[in-house]
Amino acid sequence: MFVQSGTLYVDRPPIEEISRPMSPFGQVIGFAVNAQDSWCAYLADAIADTRFELFCVHLDGGFEGRISHVLPPDYDVAGDFKFSLAGDRVIYRAGRTALGNWELYSVPSEGGQVRKINAPLAPGTMVESFSILDSLRVRYVVSGGPKAAAFAVPILGGLAQSEIFSNNFESGSTGDWR
């Protein structure tokens, strides 16, 4: 995969454009391919200039379209989206860029129901980062309040969350992971 002049191409023969038609000033600014090499998710402002949304395309043809939820005008998708280990879901953060109030979402690679998977956030806090913990769970870090905390949540969302880290520390420092 490579991006040239803001357009995403697959680099296996035949070389072809795989990103959707863009708005006049649209461009692809990031992409990820799942471990099975069957799906490519990409971040682009294809529909509205400077509103970055998440799209996915099946590399053998078939589905291609927006998979992130419909975003209000001042919202974007962050560039740190990831595929689940099975490659069938994309996990991403979205929020108001100016305020940095990012939340965490999970959506099937082929599109479908988008689920917010983080717990309700206290005012002034956000999902700062996340990682795929295993085939069933996502770990995410909440920061912005007096304490930062990390949680494990099912990749499909749900109320069963467990706090796996909590400490008073500055954002970006390390702590005691359980």
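Placed above this text is the structure.
Thresholds applied
- Here the residue numbers are simple positions, counted from 1 along each chain's written sequence.
- The predicted nature of this model means local features are confined to residues of pLDDT at least 70 and side-chain atom pairs, given and counted, to a pLDDT of 80 or more, with totals for whole chains, interfaces and linings taken over all residues.
- As a convention, hydrogens and water are excluded, and side-chain values are obtained from all of the structure's heavy atoms.
- The helix count covers DSSP runs of H or I at least four residues long, the strand count covers runs of E at least two residues long, and both are numbered beginning at the N terminus.
- For every residue, the accessible area obtained with a 1.4 Å probe (protein chains only) is divided by the maximum for its type, and the residue is called buried under 20%, exposed over 50%, and partly exposed between those limits.
- Contacts are assigned to residue pairs that have any heavy atoms within 4.5 Å of one another.
- Note on areas: Shrake-Rupley with a 1.4 Å probe; residue coverage comes only from the protein chains shown.
- Two rings from Phe, Tyr or Trp (for Trp, the six-membered ring) form a pair when their centres are within 6.5 Å of each other. A pair whose planes differ by under 30 degrees is stacked, one over 60 is edge-to-face, and the rest are tilted.
- Our definition puts a charge over a ring when NZ of Lys or CZ of Arg is within 6 Å of the ring centre and also within 35 degrees of the ring normal.
- We treat two strands as partners when DSSP finds at least two bridges between them.

Caption draft 1: Main features of the overall build of the protein. Scanning the protein for helices and strands turns up 0 helices and 16 strands. Across the 178 residues that make up the protein, the buried fraction comes to 43%. Taking contacts inside the protein between residues at least 6 apart in sequence as the whole, the part at least 24 apart equals 32%. A total accessible area of about 9100 Å² is found for the protein, and carbon and sulfur atoms account for 53% of it.

Caption draft 2: Structural view of the packing of aromatic side chains. Applying the stated criterion across every chain yields a total of 3 aromatic pairs. Note on Tyr42 and Phe55: the rings are 5.5 Å apart at their centroids and 20 degrees apart in plane angle, and the pair reads as stacked. Residue Tyr42 is located in strand β5 (residues 39–44), and its partner Phe55 is located in strand β6 (residues 53–58); the two are separated by 13 residues in the primary sequence. You'll find Tyr42 and Phe55 in the same group, each marked buried. Ring centres of Tyr140 and Phe151 lie 5.4 Å apart, and the angle between their planes is 25 degrees; on these two criteria the pair is classed as stacked. Taken together, the residues span a long stretch of sequence, with Tyr140 in strand β14 (residues 137–143) and Phe151 in strand β15 (residues 148–154) at a distance of 11 residues. In this pair, the class of Tyr140 matches that of Phe151, namely buried. In this structure, Lys82 is placed above the aromatic ring of Phe130, and the distance from its NZ or CZ to the ring centre is 4.3 Å.

Caption draft 3: A look at the pairing of β15. Of all 7 residues in β15, 6 are buried; the element is thus mostly enclosed. Relative to β15, β14 runs antiparallel, the two being bridged by 6 bridges. Looking across to β15, one finds that Tyr140 is bridged to Phe151. Linking β14 back to β15 in an antiparallel pair, the connection comprises 4 residues, with Gly144 at a positive phi of about 115 degrees.

Caption draft 4: Quick look at unusual backbone geometry. The phi angle at Asp37 is positive, at roughly 60 degrees, despite the residue not being glycine. You can see Asp37 is positioned in the loop between β4 (28–33) and β5.

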